[in-house]
Amino acid sequence: MRDLDQLFQALQRSTFRTSFRLNARDTQYLRQKGLAVVLDHAEAFIADRLAPAVIANEGQQTPMRGHPVFVAQHATATCCRGCLAKWHRIPSGRALSLDEQAYIVVVIERWLMPLVSE
């Protein structure tokens with residue numbers, strides 16, 4: 001896992017990662033439900049879609065839109081095990097630990113936090 005300041009500096013240098021923005025519907029959802037509820041959803045998505053050792057649809061398990069967490073996952077490279085290995089130094093081929101899952105949620109939270117009060 002990476003230092004968050006270094007990670008976000010690296011993400012800022014990626015044209016692809018910086019292209020992700022919440023649309024109006026996702027922004028409204030985030031503000032209406034609140035960050036805590038959306039992060040609860042993130043925990044469930046991570047546990048279901050990223051944490052298993054083997055993922056049947058690896059590389060396609062995270063939709064590009066439809067929930068603020070999905071957008072944040074693509075923006076922060078927490079969308080698939082390949083991106084987790086490349087960007088976060090979390091190896092694939094094994095189940096994610098609870099600490100790794102918590103780290104991913106913290107990364108997503110850091111990306112979403114400024115959008116809650118804009």
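Below, the structure is looked at part by part.

The rules behind these values
Residues numbered from 1 in each chain as written. Predicted model: local features only at pLDDT ≥ 70, side-chain atom pairs only at ≥ 80, totals over all residues. Heavy atoms only, no water. 1 Å grid on protein atoms, 1.4 Å probe; cavity = no way out; pocket = protein on both sides within 12 Å on 5 of 7 lines; lining within 4 Å. Points joined across faces, edges and corners; volume = space filled by probe spheres on them. Helix = DSSP H or I, 4+ residues; strand = E, 2+ residues; numbered from the N terminus. Nonpolar A, V, L, I, M, F, W, Y, C, P; charged D, E, K, R; others polar. Buried < 20%, exposed > 50% of the residue type's maximum accessible area, 1.4 Å probe, protein only. Contact = heavy atoms within 4.5 Å. Phe/Tyr/Trp six-rings, centres within 6.5 Å; stacked < 30°, edge-to-face > 60°.

With that settled, consider the layout of surface pockets. What the largest pocket holds in volume is close to 310 Å³. Forming the walls of the largest pocket are 15 residues, and the residues nearest its centre are Thr18, Phe20, Arg21, Trp111 and Leu115. Elements that contribute at least two residues to the lining of the largest pocket include exactly helix H1 (4–12), helix H2 (15–18) and helix H7 (98–116). Looking at which element gives the most residues to the lining of the largest pocket, the answer is H7, with 4 residues. Along the lines of polarity and charge, the residues of the lining of the largest pocket split into 8 nonpolar, 3 polar and 4 charged.

With respect to the helices and strands, the residue Met1 is situated in the segment before H1. Since its relative accessible area comes to 47%, Met1 is described here as partly exposed. In the structure, Met1 is positioned 98 residues away from Asp99 in sequence and 9.8 Å away in space, judged by C-alpha atoms. With sequence-adjacent residues up to four places away left out, Met1 is seen in contact with His88, Arg89, Ile90, Asp99, Glu100 and Tyr103.

Counted by the stated rule, this structure contains 2 aromatic pairs. Measuring from ring centre to ring centre gives 5.1 Å for Phe16 and Phe20, while their planes differ by 90 degrees; the resulting arrangement is edge-to-face. When its relative accessible area of 10% is taken as the criterion, Phe20 is described as buried. Taking the centre distance of 4.8 Å and the plane angle of 35 degrees together, the rings of Phe45 and Phe70 count as tilted. With a gap of 25 residues between them, Phe45 in helix H4 (residues 35–49) and Phe70 in helix H5 (residues 68–75) connect regions that are remote in the sequence. On the basis of relative accessibility, which here comes to 18%, the residue Phe45 falls in the buried class.

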